[in-house]
Amino acid sequence: MDAFREYKGKIITIIVLIIAIVIGLIILNLKSCAGRKKPEPTPTPTPEVTAEPLPTVEPEPTPEPTPEVDLTSDESITRYISQKYPISESYVPSDLRTVNVHVSKPQQLRSEAADKLEEMFKAAIDDRIYLKLASGYRSYREQADLHSYYTQTRGAYYASIVDDHPGASEHQLGLAADIGCWNGACELSYCFTNYPDYTWLKENSWKYGWIERYPEGTQSLTGMAYSPWHYRYVGIDEAAKIHESGKIMEQYYNIQ
Ligand SMILES: [Zn+2]
C-alpha cells in the first residue's frame, strides 16, 4: 500500500506538472499572439501614374505655299528673268505680233500680252486717259546696244540698274511694256508719276494682267531702279493675286 501511495504521489505530481506546463504554454502562446506584429498592411496598389497631358502647342503657321506657276520655261507667261536667271542670246518668243496702240514707232509683244495691252489702252481712253507704248519687245542685240549706249552716256552704275541687260530683260521675253503719256511728256522719267496716267495704270493694270514691276523701294529685291513706266505681263489670274498680295514677283513667288 505504501508503494501505491508513493506512486500515487508521483502520479499526482506528474499530472500537476503537466497541467502547469500546459497552462504555461497557453499563457506563452497568448503573450506571443499579443506580441505578434500587426499584419503588414496590404500595400495599396500604387495607382498608375498618368502622365500629365502635355500642353497643346499651337502649330507653327505653315508658310504660304509657293503658288505653282512656271517661272522657268522660256515660253511661260510667268517666266522670271533677271541677271541671276537670264535667258539665252538666241531666244525669240514664238508668238510676237505688232501691238495696235498709240506708239512712236511699231512695237511688238507676245500675242496674249498684246491682246490685253490693247484692251487696257481702250479702257484707259474710256476713262479719258491717253497712253502711249514707248517700248515693247527688244531682241538680245537691241538690249546689248542699249546697255552699251547707257554705259557710255550715263555710266556703268546707271546701266546696271535699268532693264538694259542683254539676256536679263523682260523686254526680251516680249512680256514688258514701257508706258507713258500720249504726247511723250516725261517719257521714261520719274515726272511721269505726276500725271493721272500713272495713277490710272497703278490702279487698273492688274485687271488686264499687267503689274508695275519695279515699284518704288524695291531695288534691293529686284536689283533694278524704281521704274514707274515699266509694266510686266503675267496673265490675268497671277496679276490679280500679286496685286492683292501687295508684293512684287520676287516676294510673291519667293524667288531668291
Ligand atoms: Zn522697261
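Notes on the structure in this doc start here. Quick caveat, the model's predicted, so the values are computed rather than measured. (Residues numbered from 1 in each chain as written. Predicted model: local features only at pLDDT ≥ 70, side-chain atom pairs only at ≥ 80, totals over all residues.)

1. Examining helix α2 (residues 111-126)
Because an α-helix completes one turn every 3.6 residues, residues spaced three or four positions apart along the sequence face the same direction. Going by this rule: Labels follow the DSSP assignment, with helices taken as runs of H or I lasting at least four residues and strands as runs of E lasting at least two, numbered in each case from the N terminus. For a helix, the expected span equals 1.5 Å multiplied by the number of residues minus one.
For α2, built from 16 residues, the straight-helix expectation of 22 Å at 1.5 Å per residue is met to within 8% by its first-to-last C-alpha distance of 23 Å. Looking one or two residues beyond α2, the residue adopting positive phi is Arg-128, at roughly 60°.

2. Description of the sheet that holds strand β3 (residues 131-135)
In plain terms, the rule: At least two bridges found by DSSP between two strands are what make those strands a pair. Axis lines are fitted to C-alpha atoms, over the contacting stretch for helices. Their N-to-C directions set the angle, which ranges from 0 to 180 degrees.
Across the sheet, four strands lie side by side as β3-β4-β6-β5; this open sheet has antiparallel pairing. Each edge of the sheet is formed by a strand with only one pairing partner; in this case those strands are β3 and β5 (210-212). Each neighbouring strand pair of the sheet contributes to a mean axis angle of 40°, computed without reference to strand direction. Note that β5 and strand β6 (residues 230-233) share three bridges and pair antiparallel. Bridge pairing in β6 places Ile-211 opposite Arg-232.

3. As for the nonpolar core
The condition is simple: Any set of buried Ala, Val, Leu, Ile, Met, Phe, Trp, Tyr and Cys residues joined through C-beta atoms within 7 Å is what this text calls a nonpolar core. Buried, partly exposed and exposed are defined by the number of other C-beta atoms within 10 Å of a residue's own C-beta, namely 20 or more, between the two limits, and 12 or fewer respectively, with C-beta atoms placed from the backbone. Whether two residues are in contact depends on their C-beta atoms, placed from the backbone: they are in contact if these lie within 7 Å.
Core analysis: the biggest nonpolar cluster contains 37 residues, and Leu-117, Ile-179 and Trp-210 have the highest contact counts within it. Listed by contribution, the elements that provide at least two residues to this core are α2, β3, β4 (176-181), α6 (196-204), β5, β6, α8 (236-245) and α9 (249-252). Of all the elements, α2 adds the most residues to this core, at six residues. When near neighbours in sequence (up to four residues on either side) are disregarded, Leu-117 contacts Val-99, Val-101, Leu-109, Leu-133 and Ala-177.

4. Let's talk about the pairing of β6
Residues His-230 and Arg-232 of β6 are buried on one face, and the alternating residues Tyr-231 and Tyr-233, pointing to the opposite face, are buried as well. Two elements, β4 and β6, share three bridges in a ladder whose sense is antiparallel. What sits directly across from Asp-178, in β6, is His-230.

Coordinates in, geometry out; function isn't part of it.
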